[in-house]
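What follows is each chain in one-letter form.
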Amino acid sequence: MTRSRLGTPVLHSMSDFIARSRSDKYWCGYRKSMAGAGGCQDISMPAMDGLEMIRALKTNDRTKYIPVICASAAFHDLATKIKALTEAGAEEFFYLPQSEEELLLKVAVMLRIRKLYLDLLDKNKQLKIFNDAAVGREMIMIEQKEKIEQLEKELKRYKPGI
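This section reports on the structure supplied with the text. (Residues numbered from 1 in each chain as written. Predicted model: local features only at pLDDT ≥ 70, side-chain atom pairs only at ≥ 80, totals over all residues. Heavy atoms only, no water.)

## A look at the overall build of the protein chain
Counting secondary structure elements, the protein chain contains five helices and five strands. Along the protein chain, helices and strands appear, N-terminal first, in the series β-α-α-β-α-β-α-β-β-α. Looking at the protein chain as a whole, 29% of its 162 residues are labelled buried. Considering only residue pairs separated by 6 or more positions, the protein chain has 54% of its internal contacts joining residues 24 or more positions apart. Working note: accessible area of the protein chain is about 11300 Å², and carbon and sulfur atoms make up 60% of it. (Helix = DSSP H or I, 4+ residues; strand = E, 2+ residues; numbered from the N terminus. Buried < 20%, exposed > 50% of the residue type's maximum accessible area, 1.4 Å probe, protein only. Contact = heavy atoms within 4.5 Å. Areas by Shrake-Rupley, 256 points an atom, 1.4 Å probe, with all protein chains shown as cover.)

## Quick notes on helix 4 (residues 78-88)
Those residues of helix 4 not exposed but buried are Thr80, Ala84 and Ala88. Projected down its long axis, helix 4 carries its buried residues within an arc of 40°, all on one side. The exposed residues of helix 4 that point more than 90 degrees off its buried face are Leu78 and Thr86. If you follow the buried residues of helix 4, they end up packed against helix 3 (50-59), strand 3 (68-72) and strand 4 (92-95). Where helix 4 terminates, the next one or two residues include glycine 89, which has phi positive at roughly 105°. (Arc of directions from axis to C-beta.)

## Considering the pattern of salt bridges
For the coordinates displayed, the defined rule picks out six salt bridges. In this structure, lysine 115 and aspartate 119 form a salt bridge, with 2.9 Å as the shortest nitrogen-oxygen distance. Of this pair, lysine 115 and aspartate 119 both sit in helix 5 (residues 100-158), four residues apart, which is roughly one turn of that helix. A residue is classified by how much of its surface remains accessible, and lysine 115, at 51% relative accessible area, is exposed. (Salt bridge = Lys/Arg side-chain N within 4 Å of Asp/Glu carboxyl O.)

## Focus: helix 3
For helix 3, the full list of buried residues reads Gly50, Leu51, Ile54 and Lys58. The buried residues of helix 3 occupy one face: seen down the axis, they fall within an arc of 100°.

## Remarks on the side chain of lysine 58
Here lysine 58 is to be found in helix 3. Given the relative accessible area of 17%, lysine 58 is considered buried. A polar contact is formed between the side chain of lysine 58 and the backbone oxygen of lysine 64, at a distance of 3.4 Å. Apart from the residues lying within four places of it in its own chain, the contact partners of lysine 58 are Lys64, Ile66, Pro67, Val68, Ala88, Gly89 and Glu91. (Polar contact = N/O pair within 3.5 Å; in protein donor to acceptor, adjacent residues only side chain to side chain.)

None of the figures reported here should be taken as evidence of function without further support.
Okay, structure coming up:
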């Protein structure tokens, strides 16, 4: 495995990434922290095109908000990168070989984005609860106002000078 300027390994393929993530404690921590929070997807896959895989993830309600980092050793053209980011829906794209530091930084950014997204979902749920409660109180106030108006009309029938 080649080394970067900082002396850490350069990842030449997704198999390097997978092998490294299975053997190194540091990488295992990243792999565990990404479980369910993000994914790293190779464009070239034997059974299914990587872009199709990303599209499938992004069209599924359960997985559409999981950030995906795309990687490719085979495709080094801008068109593939644009397809992955715009058409398929990947959040990040990089070409292999890749320095380990850069990949770890990209994973860290994706995890921060995922946390912000989950926080936003939580705040939206809280806001919906608050809004529903406010609408419920407003409906009660409207009903009470209508009852008051109705009682005032009845009172005027019995006491016309009011």
